[in-house]
Amino acid sequence: MADSIDLTNDRSRAARPVPKPGIMDIHAYVPGKAKADGVADPIKLSANENILGSSPKAREAYAGAVDHLHMYPDSRTTLLRAAVSEDFGLEPERLIFGQGSDEVFQLLNQVFLEPGDNIVQGEYGFAAYAIGARACQAEVRTAKEPNYRIDVDEVLKVVDDRTRLVFIANPANPTGTWIPFAEVVRLHQALPPSVVLVLDGAYSEFCKDPTFSDGLEYARTQSNVVVTRTFSKLHGLAALRVGWGYAPEEIAAAVDRIRLPFNISIPGQLAAIAGLRDVDFQERSIAHVEQWRPWLAQQLGGLGLEVVLPSAANFLLVGFPKTPGKTAKDAEAFLASKGLLVRGVGNYGLPDHVRITIGLEEHNRAVAEALAEFLA
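Let me sum up the structure you'll find in this document. (Residues numbered from 1 in each chain as written. Predicted model: local features only at pLDDT ≥ 70, side-chain atom pairs only at ≥ 80, totals over all residues. Heavy atoms only, no water.)

What follows deals with the environment of Val 196. With respect to the element layout, Val 196 can be found in strand 6 (residues 196-200). A residue is classified by how much of its surface remains accessible, and Val 196, at 3% relative accessible area, is buried. Between the C-alpha atoms of Val 196 and Ile 251, which are 55 residues apart in sequence, the distance is 9.7 Å. Setting aside residues up to four positions removed in sequence, Val 196 forms contacts with Phe 112, Arg 164, Leu 165, Val 166, Asn 224, Val 226 and Ile 251. (Helix = DSSP H or I, 4+ residues; strand = E, 2+ residues; numbered from the N terminus. Buried < 20%, exposed > 50% of the residue type's maximum accessible area, 1.4 Å probe, protein only. Contact = heavy atoms within 4.5 Å.)

Set out below in structure tokens:
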């Protein structure tokens, strides 16, 4: 009989699995609050969701997917790929699909980053960029944002020979600010050809200034520009997690090699296609923001608060005094007690600000009245 093996003294069993360096130093993403103590059904203005809901056509398509729940989705997102390609005039083989644009950022980080490389973003950049980069053991470099907006010269100051990706949200979250496309082109032309410029257009549909561009047409002829978009904001499909990117074919092919199969569900694909086709809902959503964003900005500015303008997104970033009892944190708590949930952005390096999604008329009026009471 073979000798029995005594595992009690096996030293390897005493060791614990250890995450690779840097993982436990990452600050997990903190979503906008959805609950308030003592309030049964608060008004959620903390996550920049479409306050009008989602397209009726998208809801109908989602419900129609019930008979396919036992099936794996089309891994190539063929129908959605064709719809996006047709609507935007893009080559289908250059499209990337992810669970929200967040997954597209993560996939780009995985494709390009090695330990010791770095990404560059604005100092108030969206948290998902940095989380994905640090998971790849890369450094995150931040560029100063004077007046809460991207400054091309500040970005270029922190780019070096280990920079692989530069992330620019335009319009930006959580500030709502934007830069003219001429500045985006200036940045791109100053970057080394080996650096990928990622243009995050999650809120691009809300910016109607003639000097703004989402970058899709520019990216068509560039070898190192990726543009990302999402169905979460304008289309109101945040729960379904559908995002996409437009990239040079070589980059799209590289991403496709590491993308997990079946990452976009059948209900998600069908609802996204229907939402894309519902132009009326998109126009109503944009018109609502364009009506109430300046109204709310004027009301809050009239209270003596610092409203970061111009905002080109479906939210406002609002600054509060450092006076004890009147701070941004105090305001967030006071509004929550009234059933109005807004987003504190201290984790973005903005401890004196809150971000407020543009709500329905009654929501916006309630926010203005509550803050007038808070500051009185």
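In this structure the tally under the stated criterion is 14 aromatic pairs. Judged by centre distance (5.1 Å) and plane angle (80°), the rings of Phe 105 and Tyr 129 are edge-to-face. With Phe 105 in helix 4 (residues 100-112) and Tyr 129 in helix 5 (residues 127-135), this residue pair connects regions lying 24 residues apart in the sequence. The residues Phe 105 and Tyr 129 share a single accessibility class, namely buried. By way of ring pairs, the aromatic residues Tyr 29, Phe 105, Phe 126, Tyr 129 and Phe 167 are connected into one cluster. Over the ring of Phe 374 we find Lys 326, and its NZ or CZ is 5.1 Å from the ring centre. The ring centre of Phe 315 lies 5.6 Å from the NZ or CZ of Arg 355, which sits over that ring. (Phe/Tyr/Trp six-rings, centres within 6.5 Å; stacked < 30°, edge-to-face > 60°. Lys NZ or Arg CZ within 6 Å of the ring centre and 35° of its normal.)

Membership of the largest hydrophobic core comes to 40 residues, with the highest contact counts inside it found for Val 166, Phe 231 and Trp 244. Sequence-distant contacts of Phe 231, that is, excluding residues within four places in its chain, are made with Leu 80, Val 84, Gly 236, Leu 237, Ala 238, Val 242, Trp 244, Ala 272 and Leu 276. (Core = buried A, V, L, I, M, F, W, Y, C linked by side-chain atoms within 4.5 Å.)

To continue, consider helix 10 (residues 266-277). When the terminal C-alpha atoms of helix 10 are compared, their 17 Å separation across twelve residues agrees well with the 16 Å that a helix rising 1.5 Å per residue should span. Where burial is concerned, most of helix 10 is hidden: ten out of the twelve residues are buried. Taken as a whole, helix 10 has its buried residues at Ile 266, Pro 267, Gly 268, Gln 269, Ala 271, Ala 272, Ile 273, Ala 274, Gly 275 and Leu 276. A side-chain oxygen of the first residue of helix 10 lies 3.0 Å from the backbone nitrogen of Gly 268; this N-cap is Ser 265. (Expected span 1.5 Å × (residues − 1). Polar contact = N/O pair within 3.5 Å; in protein donor to acceptor, adjacent residues only side chain to side chain.)

Time to look at the packing of helix 4 against helix 9 (residues 249-258). At their nearest, the axes of helix 4 and helix 9 sit 9 Å apart, and the two run at 100° to each other. Taken as axis vectors, helix 4 and helix 9 run roughly perpendicular relative to one another. Residues Leu 107, Leu 108, Gln 110, Val 111 and Phe 112 of helix 4 form the contact with helix 9, whose participating residues are Ile 251, Ala 254, Val 255 and Ile 258. Taken together, the residues of the contact of helix 4 with helix 9 sort by class into eight nonpolar, one polar and no charged. (Axes fitted to C-alpha atoms, helices over the stretch in contact; angles between N-to-C directions. Parallel < 35°, antiparallel > 145°, perpendicular 65-115°, else oblique. Nonpolar A, V, L, I, M, F, W, Y, C, P; charged D, E, K, R; others polar.)

Judged by how many residues are buried, strand 13 (residues 350-357) sits mostly within the fold: six of eight residues are covered. Two strands pair when backbone bridges link them, and strand 10 (residues 315-319) and strand 13 are joined in this way by five bridges, in the antiparallel orientation. If you follow Gly 319 over to strand 13, its bridge partner there is His 353. Both strand 12 (residues 343-345) and strand 13 contribute to a ladder of three bridges, which runs antiparallel. Pairing of Gly 344 across the sheet is with Val 354, part of strand 13. (Pairing = 2+ DSSP bridges.)

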